[in-house]
Amino acid sequence: MHVKSYKVLFADDEYWTREKMARIIPWEKYSLEFLKPASDGEEVLERLSEEKPDILITDINMPYVNGVELLKKVHTEYPELITFVISGYDDFEYVRDSFLSGSIHYLMKPVGKIDLINALSKALELISQRQSKKEEELQKQQELQRASSFIKDREFSQLLDPKAASSSAGFVLNSHMEFAGGTLILVKIHRLQEFMQLYDYDMNLLSFSVKKRLQEVSGNPELLIFNHIYRSNEFLIAGELGISEVCKLAQDIIRDFENATVSPITIVASSHCFSMGNLAEAYVQDVSNLMQRSFGQQSAFIQAEENTSDEEKSFINHLQDMQIKELQGYIRIQSPSAVKKYLYENVGLKQCESDGWTYLEVRQTVRRFLNLLFEEKTEGAETAKIMETQSMLEMADKAVDSMDMKLLEEILDEVIDVFVENNQQTDSDSIKSGIQKAVIYIDEHFEENLSLSSLSAQFHVESSYFSKMFRKETGENLMLYICRKRMEKAIEYMRNTERSLTEIAFMVGYDDYTYFNKVFRKMMSISPREFRNQLEDQKS
């Protein structure tokens, strides 16, 4: 690890004193760089601006500019420079004048090692204190910047909701950011979890850093950039940009972010006809166009077409009525392998990327299949079972949103294994032990991006069997168990910290507050906001 080296400049008019000082201690061992000594005060003043020493050690009695005069000039022009003096004169006036000029130490000639080391130690301690103070001030400044950034996010996120936008119109129209004929650009990072770990699950820091990066890439300080507080993986850019400027900015953002994450990024630009007063309309158009992007791991840029209605946008129904009947048959004979094979191969879900399915087509196909499965398996079921199916449906939606077919397949496999019974496999003590270890691991790493494949591989159990055995050992589906652990930790944060609900959602592993809110409601039968309000009422 690199250790910072501090520069020491020594000044004395006696050659042998300068030579002795250069060799009196092994300077480099103390992380000190002993600069070429100066022979008088004038030379010191000439070299300070260029060499920028941290510590100045000077003799009192020197020609041209004596030590006391030198110290006065130094502490006027270089107040951060730490100084102490060495002299052969045991004179109170010299001692007093040197301290009045800012010196922190006074050493008598001949200087011994111990005295010099003590003086240097005192100087380094003072440098350390100053640096700590600067770092503390910088930290406070950054916290204020992030707090200010979050306030802006919150205010402008409200304008993406048509109802909130109408009640906030006065705020926007009176803003200095008002513009006409502007473009709203949606930047969606589909797997924000990768960024979450980089920023130690500090949502405010991540949001602030991404927005700062977007501003730097744009090179335009006039653009309004904010983070959707309820969908943390969505960043919005608003400004008066021409079509060519929008295209260049989108390409620059994708190119820049490819170096920071392997997550696909989608950039959607609204029609060039929106003002600050109707951001909600522009946002709806962006989200609608987002649905038309090709499903997969490639980043994409979508420019809205001025005169294209929703009816004109093509949509292919990949799950026909005949295929639904085929799937119903496999579900009823309780054959998980047949259900998977038909869904992935006959319906073609596994080849959706290479076949050019859109995001919307994948989402609708998955939803139709899961609704079919749940209708077959939850008729007359208890409320808890129905709530479990809804939670699984939302998990599948989240996997689709990530543009990750591998993750989507894992979740669908787990759902099929849970709902289409298959009791042919036998248990073993080693597998039970692996499941128990997995439970402990999940309890300690719940906020991480856990998946069926990663856990089954880590504990050496085939994935579909791992899913079944996990449910048997814990009484819960794997993904729901992870959700419950996250909710328990979220409740703990609500009880013991003042952090915002959005931050808490982020800290327990959710990059989308809306999704966190849905999961919390399903498990607690109350919203996070209502739950926190109840906690506040109990305290008062």
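Residues numbered from 1 in each chain as written. Predicted model: local features only at pLDDT ≥ 70, side-chain atom pairs only at ≥ 80, totals over all residues. Heavy atoms only, no water.

> Describe the overall build of the protein, listing the residues and the values that go with them.
Counting its regular elements, the protein contains 23 helices and 10 strands. Across the 540 residues of the protein, 49% fall into the buried class. Carbon and sulfur atoms make up 48% of the accessible area of the protein, which totals about 27,100 Å². (Helix = DSSP H or I, 4+ residues; strand = E, 2+ residues; numbered from the N terminus. Buried < 20%, exposed > 50% of the residue type's maximum accessible area, 1.4 Å probe, protein only. Areas by Shrake-Rupley, 256 points an atom, 1.4 Å probe, with all protein chains shown as cover.)

> Could you give me a rundown of the side chain of Arg 18, with the residues and numbers involved?
Relative to the helices and strands, Arg 18 resides in helix α1 (residues 15-23). One buried charged residue, Arg 18, forms no salt bridge at all, with the nearest opposite charge on Asp 12 at 5.6 Å. Within the structure, Arg 18 has its side chain in polar contact with the backbone oxygen of Asp 12 (distance 2.8 Å). Once you skip the residues sitting within four places of it in the chain, Arg 18 turns out to touch Phe 10, Asp 12, Asp 13, Pro 37, Ala 38 and Ser 39. (Lys, Arg positive; Asp, Glu negative; His and termini not counted. Salt bridge = Lys/Arg side-chain N within 4 Å of Asp/Glu carboxyl O. Polar contact = N/O pair within 3.5 Å; in protein donor to acceptor, adjacent residues only side chain to side chain. Contact = heavy atoms within 4.5 Å.)

> Let's hear about the nonpolar core: which residues, and what values?
Nonpolar side chains in soluble globular proteins generally cluster together in the buried interior. Ranked by internal contacts, the top residues of the largest apolar core, which has 78 residues, are Phe 369, Phe 466 and Phe 516. Ranked by residues supplied to this core, first place goes to helix α20 (residues 478-496) with 11 residues. Among all residues touching Phe 369, those that are not within four sequence positions of it are Leu 319, Leu 327, Val 339, Leu 343, Leu 412 and Ile 416. One finds Leu 214, Leu 223, Leu 249 and Ala 250 within the second-largest nonpolar core, a separate group that totals 28 residues. (Core = buried A, V, L, I, M, F, W, Y, C linked by side-chain atoms within 4.5 Å.)

> Can you tell me about the packing of aromatic side chains, naming the residues and giving the values?
For the structure shown, the criterion picks out 14 aromatic pairs. Between Phe 156 and Phe 226, the ring centres sit 5.6 Å apart and the planes meet at 35°, which makes this aromatic pair tilted. Within this pair, whereas Phe 156 is found in helix α5 (residues 113-158), its partner Phe 226 is found in strand β7 (residues 224-227), the two being separated by 70 residues in sequence. Exposure remark for Phe 156: the relative accessible area of 5% places this residue in the buried category. For Phe 226, a relative accessible area of 0% puts it in the buried group. Consider the rings of Phe 520 and Phe 531, whose centres lie 5.7 Å apart with planes at 70°: the pair is edge-to-face. Of this pair, Phe 520 sits in helix α22 (residues 513-524) while Phe 531 sits in helix α23 (residues 528-539), and the two are 11 residues apart along the sequence. Judged by its relative accessible area of 0%, Phe 520 is buried. These aromatic residues form a ring-pair network of at least three members: Tyr 230, Tyr 510, Tyr 513, Tyr 515, Phe 516, Phe 520 and Phe 531. Positioned over the ring face of Phe 257 is Arg 213, at 5.3 Å from the centre of the ring. (Phe/Tyr/Trp six-rings, centres within 6.5 Å; stacked < 30°, edge-to-face > 60°. Lys NZ or Arg CZ within 6 Å of the ring centre and 35° of its normal.)

> Explain the sheet that holds strand β10 (residues 300-303) to me, using residue names and the numbers behind them.
Ordered in space as β7-β8-β6-β9-β10, the 5 strands form an open sheet in which the pairing is mixed. The open sheet terminates on both sides in strands that have one partner only, identified here as β7 and β10. Between one strand and the next, the sheet's axes are offset by a mean angle of 15°, whatever the strand orientation. Sheet strands touched by helix α11 (residues 279-290): β6 (183-189), β8 (234-239), β9 (265-269) and β10. Its angle to β6, the strand with the most contacts, is close to 45°. (Pairing = 2+ DSSP bridges. Axes fitted to C-alpha atoms, helices over the stretch in contact; angles between N-to-C directions.)

> Please set out the confidence of the model for the protein residue by residue, giving values where relevant.
This prediction gives the protein a mean pLDDT of 82; 85% of its residues lie at or above 70. Confidence, read as mean pLDDT per element, is least for helix α7 (residues 169-173) in the protein (45) and greatest for β9 (94). The low-confidence segment residues 168-177 (pLDDT under 50) makes 11 contacts with residues lying over four places distant or belonging to another chain. (pLDDT = per-residue confidence, 0-100.)

> Hey, could you go over the packing of helix α14 (residues 359-377) against helix α16 (residues 405-419) for me, with residue numbers and the actual values?
Where α14 contacts α16, the two axes come as close as 11 Å, and the packing angle between them is 10°. The angle between α14 and α16 places the two elements in the roughly parallel class. Between α14 and α16, the residues in contact are Val 362, Val 366, Phe 369, Leu 370, Leu 373, Phe 374 and Lys 377 and Leu 408, Leu 412, Val 415, Ile 416 and Phe 419, respectively. Tallied by class, residues from the contact of α14 with α16 come to 11 nonpolar, no polar and 1 charged. (Parallel < 35°, antiparallel > 145°, perpendicular 65-115°, else oblique. Nonpolar A, V, L, I, M, F, W, Y, C, P; charged D, E, K, R; others polar.)

> Could you give an account of the pattern of salt bridges, with specific residues and numbers?
Under the criterion given, the structure shown has 23 salt bridges. In this structure, the salt-bridge partner of Lys 211 is Asp 153, at a minimum N-O distance of 2.7 Å. Of the two residues, Lys 211 sits in helix α9 (residues 203-218) while Asp 153 sits in helix α5, which places them 58 residues apart along the sequence. Judged by relative accessible area, Lys 211 falls into the buried class, the value being 6%. Asp 153 gets classed as buried once you look at its relative accessible area, which sits at 3%.

> Pulling in residues and values, what's your account of unusual backbone geometry?
Even without being a glycine, Lys 52 presents a positive backbone phi close to 50°. What makes Lys 52 exposed here is its relative accessible area of 56%. The phi dihedral of Met 403 falls on the positive side, at around 60°, and the residue is not glycine. The topology assignment puts Met 403 in the loop between α15 (383-401) and α16.

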